[in-house]
Amino acid sequence: MASYESFAKVYDLFMDNIPYEEWGSYLHRLLQEYGVGDGLVLELGCGTGSMTELLAGYGYDMIGVDNSIEMLEIAREKQVESGHDILYLLQDMREFELYGTVRAVVSVCDSLNYITEPEELLTVFKLVNNYLDPGGVFIFDLNTVYKYEEILGDTVIAENREESSFIWENWYDSDEGINEYDLTLFISREDGLYEKYEETHYQRAYALEEVRRMLAEAGLLLEAVYDAFTMEAPKPDSERVYFVAREQGKSGTEK
């Protein structure tokens, strides 16, 4: 899993095209639809805390987990500004630990695509099941195989800003189901010069049936799969999908 060490510095700058308010509203709608209107909610892969802050604004008691200290430092700066009572934990989601259970676990912005080994994703699902309240809800999104094959593919994305620039080179291996991002950053310094950073990130494309099987193996009950930001079933050309699963008595897992 990538930790966004250098990219953390400019992550929010280059992600300003993401409509977080709309995404947060949709996630809040799903939480309410499945019976979670308040209480403790854990976000896995919280990054710089943009979604965590939005959910805290909806009244949830938020816990954010991420394995990048650089991203969490930015999240804590936002927390100081907002005044929200959020607990941030520097942990790898493949082995996260909590002191108790939560009403819901969420993971968005394709964070779980960064789990590139199926057995490790299954481990995450089992941990989620273990830390959910009885009947608790797990909501997460994934980029689809279609998106990697048809949209990202072998593409190059470049963007130039006054503060920094980046080149994002993308390769998708359909045989392995692995997507590689080679990221080159040029970040401005106080002396007016630009410093170059390079990072490589990997994501995995998971077929819907594969995810359904792993959720069942982890003891979670799959409630629904939605084409992102709708309440409709996924389509052949869906680029992102949302899964909603529920704890059902820790069936098939070890506590």
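Keep in mind the model is a prediction, meaning the values are calculated, not measured. Every chain is numbered independently, its residues counted from 1 as its sequence is written. In keeping with the predicted nature of the model, local features appear solely for residues at pLDDT of at least 70, side-chain atom pairs appear and are counted solely at 80 or more, and the whole-chain, interface and lining totals rest on all residues. The basis for every side-chain value is the complete set of heavy atoms in the structure, and neither hydrogens nor water enter the calculation.

With that settled, consider the sheet that holds strand E4 (residues 102-107). Being paired, for any two strands, means DSSP has found at least two bridges between them. Only DSSP runs of H or I reaching four residues or more are called helices, and only runs of E reaching two or more are called strands; each is numbered from the N terminus. Taken in spatial order, the seven strands make up an open sheet running E3-E2-E1-E4-E5-E11-E10, and their pairing is mixed. Each edge of the sheet is formed by a strand with only one pairing partner; in this case those strands are strand E3 (87-90) and strand E10 (220-227). This sheet shows a mean twist of 15 degrees between the axes of neighbouring strands, independent of strand direction. Two strands pair when backbone bridges link them, and strand E1 (residues 40-44) and strand E2 (residues 61-66) are joined in this way by five bridges, in the parallel orientation. Its bridge partner lying in E2, leucine 44 is registered against valine 65. Note on definitions: a residue-residue contact is assigned when non-hydrogen atoms from the two residues lie within 4.5 Å. An axis is simply a line fitted to the C-alpha atoms; with a helix, the fit covers only the stretch in contact. Between two such axes, the angle follows the N-to-C directions and lies from 0 to 180 degrees. Across the sheet, helix H2 (residues 20-33) lies against E4, strand E5 (132-143), E10 and strand E11 (240-247), angled at about 30 degrees from E11, the strand it touches most. Taken strand by strand, helix H5 (residues 118-131) contacts E1, E4, E5, E10 and E11, and its axis lies near 150 degrees from that of E5.

A pair of Phe, Tyr and Trp rings is counted when the ring centres sit within 6.5 Å of each other, with Trp represented by its six-membered ring. The angle between the planes then sorts it: under 30 degrees is stacked, over 60 is edge-to-face, the rest tilted. Inspection of the entire model under this criterion finds 13 aromatic pairs. Seen from their ring centres, phenylalanine 96 and tyrosine 131 are 5.4 Å apart, and the 40 degrees between their planes marks the pair as tilted. With a gap of 35 residues between them, phenylalanine 96 in the loop between E3 and E4 and tyrosine 131 in helix H5 connect regions that are remote in the sequence. Only protein chains enter the accessibility calculation, which uses a 1.4 Å probe. A residue is then buried if its area is under 20% of the maximum for its type, exposed if over 50%, and partly exposed in between. Tyrosine 131 sits in the buried class, given a relative accessible area of 13%. Ring geometry for phenylalanine 166 and tryptophan 168: centres 6.1 Å apart, planes at 75 degrees, overall edge-to-face. Since its relative accessible area comes to 6%, phenylalanine 166 is described here as buried. Classification of tryptophan 168 by relative accessible area gives buried; the value is 13%. Here the aromatic cluster, defined as three or more aromatic residues joined through ring pairs, consists of Tyr20, Trp23, Tyr26, Phe229 and Tyr242.

Mapped onto the secondary structure, histidine 201 falls in strand E9 (residues 194-204). Nitrogen and oxygen atoms within 3.5 Å of one another constitute a polar contact, given that in protein one can donate a hydrogen and the other can accept it, and given that sequence-neighbouring residues count only through two side-chain atoms. Engagement of the side chain of histidine 201 in a polar contact is seen with the side chain of glutamate 199, the distance being 2.7 Å.

What follows deals with the sheet that holds strand E7 (residues 164-173). Sheet strands pair via backbone hydrogen bonds, and the direction of the pair is either parallel or antiparallel. Pairing within the open sheet is antiparallel, and its four strands lie in the order E6-E7-E8-E9. The two strands at the open ends of the sheet, each matched to only one other strand, are strand E6 (156-160) and E9. The mean angle between the axes of side-by-side strands here comes to 10 degrees, regardless of whether they run parallel or antiparallel. By the bridge criterion, five bridges tie E6 to E7 in an arrangement that is antiparallel. When the sheet's bridge partners are listed, alanine 158 is paired in E7 with isoleucine 167.

Let us look at the nonpolar core. The tendency in soluble globular proteins is for nonpolar side chains to be buried as a group. We define the nonpolar core as a collection of buried residues of types Ala, Val, Leu, Ile, Met, Phe, Trp, Tyr and Cys that are connected through side-chain atoms lying within 4.5 Å of one another. Grouped together as the largest cluster of nonpolar side chains are 33 residues, with contacts concentrated most on Leu112, Phe125 and Phe138. Those elements that place two or more of their residues in this core are E1, E2, E4, H5, E5, helix H7 (208-217), E10 and E11. Here this core gets seven residues from one element, more than from any other, and that element is H5.

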